[in-house]
Structure formats: C-alpha cells, structure tokens
Amino acid sequence: MRSDTIIIGGGLSSLVCGIKLQKAGQRCLIVSAGQNALHFSSGAFGLLGKLPDGTAVKEPMRSLSFLPEEHPYSKIGVDKMAGYVSETPAFFESCGVRLHSAPIAGEGGFPANGYRLTPLGSLKPAWLAMEDVTLLQSKDNIPWSKALIVNFFGFLDFNSGFIAEGLSRRGVDCRVETVSIGDVENLRKNPTEMRSVGIARVMGKENNWKEFGSKVRKLSAGEDLVILPEVFGLGDPVIIQWLREMIPAEVMFVGTMPPSVPGIRTQMRLKKAFEVAGGTFLSGDTAVNPTVEDGYVTSIHTTNLGSISLDADNYVLASGHLFGKGLESTPSKVVEPVFGLDTDFPSDRKTWCDEDFFARQAYDGYGVVCDGSFRPFIGGKSVRNLFVIGSEVGGCDSLYEGSGAGVAIMTAMSVAGNILSGK
Ligand SMILES: Cc1cc2nc3c(=O)[nH]c(=O)nc-3n(C[C@H](O)[C@H](O)[C@H](O)COP(=O)(O)OP(=O)(O)OC[C@H]3O[C@@H](n4cnc5c(N)ncnc54)[C@H](O)[C@@H]3O)c2cc1C
C-alpha cells in the first residue's frame with residue numbers, strides 16, 4: 001500500500017498534520033493504536049502558561065523569546081508561530097470544532113491566556129477552549145458572587161464539593177444540588193455505564209436535556225452562575241447553547257473524570273474531517289517493524305496487516321509521550337520503541353523523578369532529539385524522510401509549561417509545511 005505520507009499515532013498532532021496534508025492534495029494514511037490525550041482533555045488548549053523557570057505567562061506570543069533554543073517553538077521561529085497561532089481557530093472551525101479565546105487580546109492582537117475552572121475548583125491558564133468551557137479574563141477576579149453547582153444524582157465522576165470549596169475560597173457563595181433524570185437513573189443499574197460518555201449519550205435525546213434544563217432552571221432562580229458537568233453535546237454541541245439559553249444565569253460547564261466529552265467530540269470531528277478530505281485512518285492498529293536504509297525510512301508494517309508493507313515518501317511519528325506509549329522507560333533508558341530514535345534523558349537514573357508525587361517530574365521533559373525541521377536521529381545520524389511531532393518531541397516539559405496542545409498543533413503545522421515545501 002503506497003501513500004504520500006504515513007502518520008503513526010491518532011491524537012491531536014497526527015490529525016492536524018494529516019488534515020493539512022490531505023487538504024493540500026496528499027494521500028495520507030494514519031495508523032492509530034488506541035486512546036490518545038484528547039480522550040482525557042480538559043476541554044481547553046494550552047499554548048504557554050509558564051516559562052521553564054516557573055514565571056507565569058499572560059501573553060504567550062510575547063514570551064517566545066524567553067524559551068531555550070531547543071524548545072519546539074524556538075525551532076519553528078516567532079514569525080511562523082505567529083502565522084500558525086492566527087490560523088488555528090479557523091483551521092479547527094473548518095473541521096467542525098469551534099474554539100474561543102478569553103475576551104482579551106494581547107499585543108499584536110494575539111490572544112492572551114484566559115483561565116478555566118478545573119474539576120478541583122482551581123483556575124488554570126488556557127489559550128483556546130472548546131464550546132463547553134468558559135474562559136475567565138483573570139484568575140484573581142471572579143465576576144460572580146453566587147453559584148449553583150448541579151450534578152446528576154449518583155454521578156461520582158463530578159465532584160461538586162471540590163468545585164464549591166475552590167470557589168468559596170475565592171469569595172463565591174456556593175450551593176450544591178442534584179437532579180434525577182429517568183434515563184440516567186437506568187444507567188446506574190450498571191456502574192460501568194454511569195460515566196461521562198454514558199450520560200452524554202442519553203442526554204443527547206431531546207426529551208432528556210429539556211427535562212434537565214427545566215429542572216435546573218427552576219433551581220437557579222436568584223443565582224449568578226450555574227455550574228454543570230461537561231456531559232452534553234457529544235454528537236452535537238448545539239445542546240450546550242440551548243442549555244445556556246434556557247437557564248437564566250451564566251452557565252459554566254466543568255470537566256468530569258475521564259473520558260472527556262469535549263475531547264472525544266473534538267477527536268471524532270477531526271477524524272471525520274481527515275476522512276472527508278480523503279485520508280485513510282487505521283483504528284486499533286500499531287505501527288511496527290520499519291525498514292530504515294541509508295538514512296531513509298522505506299516501509300513500515302502494522303500488527304493487523306502483518307506482512308503487507310506500507311510505503312510512503314515521508315513518515316511522521318506522532319505516537320505521544322510516555323502516556324501514549326510513544327516513549328517507553330526501562331530501568332536504564334528512555335526509548336522510542338518503533339524506530340529506536342535518539343532520546344534525551346540523563347544517564348543518572350536517580351534524577352529522573354522526584355519521590356514527591358506532586359512535584360515537577362523531570363521525565364515529563366524527556367523526548368526525541370530533533371533537528372530544526374523536526375527530523376530525528378538514529379545513533380546520531382539524521383533520518384531524512386521521518387519527522388516527529390506532538391508530545392514526543394524533546395526540548396520542553398509541556399505538562400509543566402501548560403503548552404501541550406500548543407506544541408502538538410504548532411509542530412504538526414510546521415511539519416506539514418516542511419513536507420509540502422519539500423524542506
Ligand atoms: C492525560 C492527559 C491529558 C491532557 N490534557 C491536556 C489538555 O487538557 N490541554 C492541553 O493543552 N494539553 C493536554 N495534554 C497534553 C497533550 O500531550 C497534548 O494536548 C496533545 O493532545 C498530545 O497529542 P499527541 O498527538 O502528541 O499525542 P497523544 O494524544 O498521546 O496521541 C498519541 C497516539 O499515538 C498512538 N500510538 C502510540 N504508539 C503507536 C504505534 N506504534 N502505532 C500506532 N499508534 C501509536 C497512541 O495510542 C495515541 O493514540 C494532556 C496530556 C495527557 C497525557
């Protein structure tokens with residue numbers, strides 16, 4: 001089977017790169033092993049929330065010059081970053097994913113970071129958010145004094161107590177209520193069904209979300225803010241808008257325990273956009289056994305297709321960090337398991353992690369070593385037609401910096417551009 005480009009991994013970076021290439025006329029194949037970070041998403045994308053030294057960032061585009069040269073954003077360069085950051089909302093809109101930024105523009109018209117309310121009741125910086133998620137202008141000034149938090153009766157993956165505690169500390173007077181809906185009660189008979197996606201499926205029925213909306217409307221008299229779990233609009237986010245219109249207060253949706261309903265909706269829409277553009281997406285398959293000759297990848301195989309060889313002009317590795325199994329850790333090494341690419345990690349094993357579970361973990365910053373065009377190396381030798389994108393790229397600690405989705409999208413756009421221009 002021959003393609004122009006084969007992409008390994010089916011997460012955010014893979015889909016952005018695949019859609020860009022496919023829309024530009026390439027024939028792309030994505031091989032995707034399983035779940036990706038979007039299934040766990042907060043519903044918001046981070047571009048840069050903190051510098052590596054811990055300095056808080058308000059305007060990501062103004063802070064790029066403070067990043068080290070090995071950082072993926074430094075490799076892309078300020079001018080190209082500006083183009084990709086400006087292009088991102090329209091790109092996602094064209095795939096059926098509506099994103100918004102906080103209602104404050106920074107210097108040059110680039111969005112400044114807004115703040116989203118987390119399931120633990122804290123506020124975290126964010127660049128862009130999905131339709132469910134409200135972004136606040138400031139983390140110090142919450143514009144509401146009274147909040148009602150509504151949960152489904154018996155739904156344990158949405159902790160209204162944590163949210164109430166977090167908001168109370170910021171001076172918001174909180175009240176917690178539960179609502180029962182017949183079809184959701186039926187889910188409780190099987191505890192594995194009583195999860196965010198199970199509830200989102202039954203709440204997709206018009207009679208259910210209307211019943212929920214009218215019950216919440218009755219409870220919300222006199223409230224400034226109503227907080228609901230992110231379990232609406234899995235198939236069609238218009239339900240989110242309808243609920244906002246029927247409830248007479250500001251409505252904010254807050255994340256549940258995974259799986260993430262806005263993240264899964266986004267993944268489904270990006271995958272559909274890729275396929276509508278003509279791309280081929282192999283779900284539940286794993287890329288294995290590549291052949292690399294004289295600095296070029298000539299083919300790969302997959303576990304499902306066995307001896308059938310997949311060939312392309314270019315290959316993109318988007319298989320994630322340790323979480324996605326794009327990197328694996330042994331007692332002595334951090335390895336990239338498909339190609340055996342060079343990775344950056346210190347030899348002293350003791351420095352890899354901090355025993356304090358909540359401390360910054362050094363291993364979050366390890367990744368594949370790449371040149372300025374995101375080409376990797378095997379044993380110090382460049383692989384000319386292989387590119388690495390997303391959380392697998394070395395040179396940054398995305399979790400600490402709050403730059404996860406930003407690195408995924410920016411590296412994907414950059415590599416798609418490199419492939420199309422033949423650089
Ligand atoms: C749990 C979690 C939650 C996060 N939430 C956020 C958030 O809310 N906002 C934010 O900005 N950032 C978040 N991030 C950061 C995240 O890294 C990026 O946002 C981004 O989604 C990463 O995308 P990716 O494509 O690089 O990798 P991933 O999403 O990890 O996707 C990698 C994919 O490659 C597949 N794969 C691995 N090996 C193979 C193989 N050999 N063959 C085929 N497929 C393979 C995996 O199964 C997986 O589907 C989160 C990260 C994690 C781990």
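Look up a bit, the structure's there.
One structure accompanies this document, and this report is about it. Model, not experiment: these values are computed from the prediction. Every chain's residues receive numbers from 1 upward, in the order its sequence appears when written. Per-residue local features of the predicted model are confined to residues with pLDDT of at least 70, and side-chain atom pairs are confined, for both listing and counting, to 80 or more; whole-chain, interface and lining totals are unaffected and use all residues. Note that water and hydrogens are dropped before the side-chain values are worked out from all heavy atoms of the structure.

1. Looking at the overall build of the chain
The criterion, for reference: Numbering of helices and strands starts at the N terminus; helices are DSSP runs of H or I of at least 4 residues and strands are runs of E of at least 2. Here the globule rule is a power law, 2.2 Å times the number of residues to the power 0.38, and the radius of gyration is based on C-alpha atoms. Note on contacts: a residue pair is in contact if any heavy atoms of the two residues lie within 4.5 Å. Values of accessible area rely on a 1.4 Å probe in the Shrake-Rupley scheme; residue burial ignores everything except the protein chains shown. Only four residue types enter the charge count, namely Lys and Arg as positive and Asp and Glu as negative; His and the chain termini do not. Each charge is placed at NZ for Lys, CZ for Arg, CG for Asp and CD for Glu.
Assigned secondary structure in the chain consists of 12 helices and 22 strands. Since a compact globule built from 423 residues should have a radius of gyration of about 22 Å, the 22 Å found for the chain is in line with a globular shape. The principal-axis extent of the C-alpha atoms belonging to the chain is close to 70 × 45 × 45 Å. Partitioning the contacts of the chain with sequence separation of at least 6, the portion at a separation of at least 24 is 68%. With an accessible surface of roughly 18,100 Å², the chain has 53% of that area assigned to carbon and sulfur atoms. Across the chain, 40 positive and 46 negative side-chain charges occur, with their mean positions spaced 4 Å apart.

2. A closer look at the nonpolar core
The condition is simple: By nonpolar core we mean a set of buried residues, namely Ala, Val, Leu, Ile, Met, Phe, Trp, Tyr and Cys, connected to one another through side-chain atoms within 4.5 Å. Partly exposed residues are those whose accessible area sits between 20% and 50% of the maximum for their type, while under 20% is buried and over 50% is exposed, using a 1.4 Å probe and protein chains only. A domain assignment, automatic or from a database, supplies the domain bounds used here.
Core analysis: the largest hydrophobic core is formed by 78 residues, its most contacted members being L12, F45, F92 and M410. Per-element tally for this core: the top contributor is helix α12 (residues 404-421), with 10 residues. Two domains each donate at least three residues to this core, and these are domain 1 (2-103 + 264-318 + 370-421) and domain 2 (120-256). In contact with L12, not counting residues within four places along its chain, are L38, F45, F92, L270, A405, A408 and I409. Counting 44 residues, the second-largest nonpolar core is a separate cluster that includes F158, I163, I199 and I239.

3. A look at the packing of helix α1 (residues 12-23) against helix α4 (residues 78-94)
Rules: Note on definitions: angles span 0 to 180 degrees between N-to-C directions of axes, and those axes are lines fitted to C-alpha atoms, for helices only across the stretch in contact. The labels follow the angle: roughly parallel below 35 degrees, roughly antiparallel above 145, roughly perpendicular from 65 to 115, and oblique for the rest. Three classes are used, and their members are as follows: Ala, Val, Leu, Ile, Met, Phe, Trp, Tyr, Cys and Pro are nonpolar, Asp, Glu, Lys and Arg are charged, and the others, Gly among them, are polar.
At a minimum axis distance of 12 Å, the contact between α1 and α4 shows a crossing angle of 80°. Judged by the inter-axis angle, α1 sits roughly perpendicular to α4. Residues L12, V16, I19, K20 and K23 of α1 touch α4, and the partners they reach there are E87, F91, F92 and S94. The class makeup of the residues in the contact of α1 with α4 is five nonpolar, one polar and three charged.

4. Focus: helix α10 (residues 261-276)
Note the following rule: To estimate how far a helix should reach, multiply one less than its number of residues by 1.5 Å. N or O atoms within 3.5 Å of each other form a polar contact, as long as, within protein, one can give a hydrogen and the other can take it, and as long as residues adjacent in sequence are counted only when both atoms are side-chain atoms.
A rise of 1.5 Å per residue sets the reference length of α10, with its 16 residues, at 22 Å; its end C-alpha atoms lie 22 Å apart and thus fit the reference within 8%. For α10, the N-terminal cap is S260; the gap from its side-chain oxygen to the backbone nitrogen of G263 is 3.0 Å. Directly beyond the C-terminal end of α10, a positive phi value near 105° is found at G278.

5. Considerations on the site of the ligand
The cut-off we apply is this: One heavy atom suffices: a residue is near a molecule or strand as soon as one of its heavy atoms comes within 4 Å of it.
Near the ligand, the surroundings consist of 33 residues, among which S13, A37, S42, A287 and S391 are the closest. One of the backbone nitrogen or oxygen atoms of Q35 is found 3.1 Å away from an oxygen atom of the ligand. Within the backbone of A287, an N or O atom sits 2.9 Å from a nitrogen atom of the ligand. Relative to its unbound accessible area of 1,000 Å², the ligand is 85% covered by the protein chains. Looking at the shell around the ligand, the elements with two or more residues in it are α1, β2 (28-32), β3 (44-45) and α12. If one sorts the elements of the shell around the ligand by residue count, α12 sits on top with three residues. Along the lines of polarity and charge, the residues of the shell around the ligand split into 14 nonpolar, 18 polar and one charged.

6. A few points about the packing of aromatic side chains
Applicable threshold: Only rings of Phe, Tyr and Trp enter the pairing, Trp through its six-membered ring, and a pair is recorded when the two centres are within 6.5 Å. The plane angle decides the type: under 30 degrees is stacked, over 60 is edge-to-face, the rest tilted. Only Lys NZ and Arg CZ are tested; either one counts as a charge over a ring when it is within 6 Å of the ring centre and within 35 degrees of the ring normal.
One pass over the structure, following the stated rule, counts 11 aromatic pairs. With 5.3 Å between their ring centres and 90° between their planes, F357 and F358 make a pair best called edge-to-face. An aromatic cluster of three or more residues is present, and its members are F152, F212, F232 and F253. A cation over an aromatic ring shows up here: K50 above the ring of Y400, its NZ or CZ 4.1 Å from the ring centre. Positioned over the ring face of F281 is K271, at 5.1 Å from the centre of the ring.

7. Things to note about the pairing of strand β13 (residues 287-293)
Selection criterion: Strands are labelled as partners when DSSP assigns at least two bridges between them.
Summarising the sheet, β13 and strand β14 (residues 296-302) pair through five bridges and their orientation is antiparallel. From the neighbouring strand, T291 faces β14, where its bridge partner is S299. Here β13 folds back onto β14 in antiparallel fashion, the turn holding two residues, of which D294 has a positive phi close to 50°.

8. Section: the sheet that holds strand β9 (residues 173-179)
Strand order in the open sheet formed by four strands is β9-β8-β10-β11, and the pairing between neighbours is parallel. The sheet is open, and its two borders are formed by β9 and β11 (250-254), each paired with just one other strand. Neighbour to neighbour, the strand axes of the sheet diverge by 25° on average, direction disregarded. Strand direction decides the pairing type here: strand β8 (residues 146-152) and strand β10 (residues 225-229), joined by three bridges, are parallel. Residue pairing across strands places A147 opposite L225, the latter belonging to β10. In this fold helix α8 (residues 206-219) packs onto β8, β9 and β10, with an angle of close to 145° to the strand it touches most, β9.

9. Examining the sheet that holds strand β4 (residues 99-100)
Across the sheet, three strands lie side by side as β3-β7-β4; this open sheet has antiparallel pairing. With one partner strand each, in any of the chains shown, β3 and β4 form the two edges of the open sheet. The pairing of β3 with strand β7 (residues 128-130) spans two bridges and is classified as antiparallel. When the sheet's bridge partners are listed, A44 is paired in β7 with A129.

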